[in-house]
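The primary structure of each chain is shown beneath.
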Amino acid sequence: MASTVTPPLVDLLREIRRSLVYLKSIGCTGFDCSAEGVAMVAQLGVGPVAKPAVTAAPVSATSPETLDQVRADLGECTRCPLCQGRTHIVFGEGDPKARLVFVGEGPGFEEDQSGHPFVGAAGQLLTKIIAAMQLSRETVYIANIVKCRPPGNRNPQPDEIRACMPFLRRQLAAIRPQVICALGKVAAQTLLDTQTSISRLRGDFHAFMDIPLMPTFHPAFLLRNPERKREVWQDVQKIMKRLSRPST
Ligand code: SF4
């Protein structure tokens, strides 16, 4: 029989599940539904009182979730229409403790086919840029604003970005890089919540989730406009300088 559960209810159930998984990870074994507990909730105006764990592992309440946990929660995502045309979800890859995270717009044909980010012609140029920074793809992390390929490589739509961005946020919270590099207009404008052009945004540090963010041109744009490579080199030199500072 077809499910009658509506999408908002599905989202709510997912949110509840996420919260329960988190509470379990910090040692919560249940909720105090006794008369005293309920009275305390009424008095304080807070949610259910989590019971202290009897044999809780010494896990900090502020322990961030891991990338694996974020990936597991994403599952075979159908949260936006881009799921309909995808071959693979392109979650992102690289060092889970990377000091530098590159964020692009979304998977293209090759990425959709392979499940890996930035593997086409633009990806090869990004690999060269990373090598010129004396880094490697294994020591950085590469992700996108949306994880499924928009049809015909069109820009992702606002509702698709809204559905997917929470997962990128959680990835960045898990990694806590020293610097984010936003590749291209869509990534930069989305992360900085602005309509300012990439030409104006690039070259200066901004911030996303309190992490310094440098916008620069997308490698695909550089393939079409190789004369702009000099500006990207200026931007990545600023990133290298920032990365050379001792981490706090
Ligand atoms: S783009 Fe993101 S939100 Fe949309 S289906 Fe893919 S993983 Fe889910």
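Structure shown above.
Residues numbered from 1 in each chain as written. Predicted model: local features only at pLDDT ≥ 70, side-chain atom pairs only at ≥ 80, totals over all residues. Heavy atoms only, no water.

Please clarify how the overall build of the protein should be interpreted in this entry.
Secondary structure assignment for the protein yields 10 helices and 8 strands. The buried share of the protein, taken over its 248 residues, is 40%. The contacts of the protein with a sequence gap of at least 6 include a subset with a gap of at least 24, amounting to 68%. In the structure as shown, the protein presents an accessible area of about 13,900 Å², 57% of it carried by carbon and sulfur atoms. (Helix = DSSP H or I, 4+ residues; strand = E, 2+ residues; numbered from the N terminus. Buried < 20%, exposed > 50% of the residue type's maximum accessible area, 1.4 Å probe, protein only. Contact = heavy atoms within 4.5 Å. Areas by Shrake-Rupley, 256 points an atom, 1.4 Å probe, with all protein chains shown as cover.)

Even after reading the chapter, I still don't get the packing of helix H3 (residues 67-74) against helix H6 (residues 158-175), so can you show me in this structure?
Describing two packed helices takes the angle between their axes plus the distance from one axis to the other. Relative to each other, H3 and H6 sit at 165°, their axes nearing to 9 Å. Between H3 and H6, the angle falls in the class roughly antiparallel. Where H3 crosses over H6, the handedness of that crossing is right-handed. In contact with Leu 67, Val 70, Asp 73 and Leu 74 of H3, H6 contributes Phe 167, Arg 170, Gln 171, Ala 174 and Ile 175. (Axes fitted to C-alpha atoms, helices over the stretch in contact; angles between N-to-C directions. Parallel < 35°, antiparallel > 145°, perpendicular 65-115°, else oblique. Left-handed = near helix turned anticlockwise from the far one by under 90°.)

Explanation requested: the site of the ligand in the structure shown.
Taken together, Leu 74, Cys 77, Arg 79, Cys 80, Leu 82, Cys 83, Arg 86, Lys 147, Cys 148, Ala 163 and Cys 164 make up all the residues around the ligand. When its residues are assigned to classes, the shell around the ligand shows 8 nonpolar, no polar and 3 charged. (Near = heavy atom within 4 Å. Nonpolar A, V, L, I, M, F, W, Y, C, P; charged D, E, K, R; others polar.)

What exactly am I supposed to notice about unusual backbone geometry here?
Trans is the common state for peptide bonds, and a negative phi is the common state for residues other than glycine. For Gln 134, which is not glycine, the phi torsion reads 65° and is therefore positive. By secondary structure assignment, the location of Gln 134 is in the loop between helix H5 (121-132) and strand S5 (141-144). Taking the relative accessible area as the measure of exposure, Gln 134 reaches 68% and is therefore exposed. Although it is not a glycine, Asp 193 sits at a positive phi angle of roughly 50°. Tracing the backbone shows Asp 193 in the loop between helix H7 (185-192) and helix H8 (198-201).

Can you walk me through the pairing of strand S8 (residues 211-216) in this structure?
Put simply, side chains in a regular strand alternate between the two faces of the sheet. Of all 6 residues in S8, 6 are buried; the element is thus mostly enclosed. Residue alternation in S8 divides its side chains into two sets, Ile 211, Leu 213 and Pro 215 and Pro 212, Met 214 and Thr 216, and both sets are buried. Alignment of strand S6 (residues 179-183) against S8, held across 4 bridges, turns out to be parallel. Note on S8: the bridge partner recorded for Cys 181 is Met 214. (Pairing = 2+ DSSP bridges.)

So what exactly am I meant to see when it comes to the packing of H5 against helix H10 (residues 229-243) here?
Packing of H5 against H10 leaves a shortest axis separation of 10 Å and a crossing angle of 45°. As far as their axial angle goes, H10 and H5 are oblique. Of the two elements, H5 crosses H10, and the hand of that crossing is right-handed. Residue-level inspection shows Leu 125, Ile 129 and Ala 132 of H5 in contact with H10, the latter providing Lys 229, Val 232, Trp 233, Val 236 and Met 240.

Mind showing me how you'd approach the sheet that holds S8 here?
Backbone-to-backbone hydrogen bonds pair the strands of a sheet. The strands run either parallel or antiparallel. Reading across the sheet, the 6 strands line up as S3-S5-S4-S6-S8-S7 and stay open at both edges, with mixed pairing between neighbours. Taken across any chain shown, the strands that pair with only one partner, and hence form the sheet edges, are strand S3 (93-94) and strand S7 (206-208).

Honestly, the pattern of salt bridges in this entry has me stumped. Any pointers?
Oppositely charged side chains can pair when the atoms bearing their charge come close. Applying the stated criterion across every chain yields a total of 8 salt bridges. Between Arg 202 and Glu 231 there is a salt bridge, and its shortest N-O distance comes to 3.6 Å. With Arg 202 in the loop between H8 and S7 and Glu 231 in helix H10, this pair connects stretches of sequence that are 29 residues apart. With a shortest N-O distance of 2.7 Å, Glu 231 and Arg 228 are connected by a salt bridge. Overall, Glu 231 belongs to the buried group, its relative accessible area being 15%. Accessibility expressed as a relative area gives 24% for Arg 228, which makes it partly exposed. It is possible to trace a salt-bridge network through shared partners that takes in Arg 202, Arg 228, Glu 231 and Asp 235. (Salt bridge = Lys/Arg side-chain N within 4 Å of Asp/Glu carboxyl O.)

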